[in-house]
Protein chains: 2
Amino acid sequence: MPEPPPPRLDEIDAHLLDLLQHDSGRTLHELGEQVGLSPSAVQRRIARYRRDGLITRQVAVLDPHLFGPTVLATVLVTLARESFEHHRAFAGRMRADPQVQQCYRVAGPWDYVVVLAARSTRDCGRLGDRLFKADDNVQRYETLVVFDTVKTGLTLPLPALPQDGRS
Amino acid sequence: MPEPPPPRLDEIDAHLLDLLQHDSGRTLHELGEQVGLSPSAVQRRIARYRRDGLITRQVAVLDPHLFGPTVLATVLVTLARESFEHHRAFAGRMRADPQVQQCYRVAGPWDYVVVLAARSTRDCGRLGDRLFKADDNVQRYETLVVFDTVKTGLTLPLPALPQDGRS
DNA sequence: CCCGCGACGCAATAATCTTGCATGCCCGAA
DNA sequence: TTCGGGCATGCAAGATTATTGCGTCGCGGG
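Residues numbered from 1 in each chain as written. Chains lettered and ligands numbered in written order. Predicted model: local features only at pLDDT ≥ 70, side-chain atom pairs only at ≥ 80, totals over all residues. Heavy atoms only, no water.

Asks: What is the right way to read the protein's contact with DNA strand D from this model?
Replies: Around DNA strand D, the surrounding shell consists of L37, S38, S40, A41, R44 and R45 of chain A together with T27, L28, S40, Q43 and R44 of chain B. Backbone atoms, meaning sugar plus phosphate, form 58% of the atoms of DNA strand D positioned within 4 Å of the protein. A distance of 2.7 Å is found between a phosphate oxygen of DNA strand D and a side-chain nitrogen or oxygen belonging to Q43 of chain B. A distance of 3.5 Å separates a base oxygen of DNA strand D from a polar side-chain atom of R44 of chain B. Elements with a contribution of two residues or more to the surface near DNA strand D: α3 (39–52) of chain A together with α3 (39–52) of chain B. Ranked by residues supplied to the surface near DNA strand D, first place goes to α3 of chain A with 4 residues. Grouping the amino acids of the surface near DNA strand D by side-chain chemistry returns 3 nonpolar, 5 polar and 3 charged. (Near = heavy atom within 4 Å. Polar contact = N/O pair within 3.5 Å; in protein donor to acceptor, adjacent residues only side chain to side chain. Helix = DSSP H or I, 4+ residues; strand = E, 2+ residues; numbered from the N terminus. Nonpolar A, V, L, I, M, F, W, Y, C, P; charged D, E, K, R; others polar.)

Asks: When you look at helix α2 (residues 28–35) of chain B in this model, what are you seeing that I'm missing?
Replies: Residue and element names in this part refer to chain B. Within the sequence span of α2, burial applies to L31, G32 and V35. Around the axis of α2, the buried residues are gathered within 100 degrees of arc, so they sit on the same side. In this structure, α2 carries H29 and E33 as exposed residues pointing more than 90 degrees from its buried face. The positive-phi residue at the C-terminal boundary of α2 is G36, with phi of around 75 degrees. (Buried < 20%, exposed > 50% of the residue type's maximum accessible area, 1.4 Å probe, protein only. Arc of directions from axis to C-beta.)

Asks: Would you take a moment to explain the side chain of D135 of chain A for this structure?
Replies: Take D135 of chain A: it is sitting in the loop between α5 (121–133) and β5 (138–151). For D135 of chain A, a relative accessible area of 15% puts it in the buried group.

Here's what the structure looks like:
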């Protein structure tokens, strides 16, 4: 596998990436103003980020209440057997299910942390049944129903920004 | 508070929103092709989503390995005192910290689930100290270091799509 | 049956993005 | 120190894409 050495990002790159990860809807002109660069220079940098895979993708974040209420839950999971194959199978099912927002394999007594999005408490229950109870390799799982989303996002901390300064 | 009754979304809306939440980089022309509408019709619908707040924002998702390795962790937190004020203070600190990706208030013995992004294991430890150990209202917390990100995203399940069909 | 509302497609216009080109800076080699 | 290559930039076209005006159509209420 090609392990690209840190592609060398200067302060402007950091600033740009930070702006983009908070709002990628701005025009090149606007961005250029923020970081002190011409639109074309900004465009070339962003093209590079994309080419190098620094920007994975660009998505629209939807309001969870789109279709009426939505119930989120985080689930802690422990598998019974830990073979490579079992993990692969579990991960595959998580990836395949559109109701699974996130899935992390973690250290400690729990093997996975899963974030689910369901349409109702009942749906959430059924989803748990389907994903975990029906899997006889899931030894134990615990559902933490979300009361309130304090903060959400996939934003990464970027080093050494003069100061925050979202607009 | 204005509680807008489900703003009535037809099948095309669902399809469009689903396309957008997976990749908002496409052109109106492309989108129109997918859903069987002209670019201008697509544009008008998307403008409406924005106006109605169905689309919260548009963001670029960055590669976590941007600046060298990144350590993710999920943290389970229980507060000592549960007054309204204490919760507000805790939530505020979570929102304010750029290293906190997500924070959910949950049901059960744990009060919060927090997702952190750090630059190293050490950084992660210090972050935990700063956010939770230093807060004398945090009764107990448990850090689940992420070994592997199986899946990530904020994608919501959209009902009744003919069939998946990402391109 | 008529009217008004809302959504559509098409076409013109406006805005944004992309690219070619010349310049300036930095750095390594002579 | 001086020369030359590589690289990023700004500017100014040129190409794409987004936005808007307009006429039409289908639907539901009067």
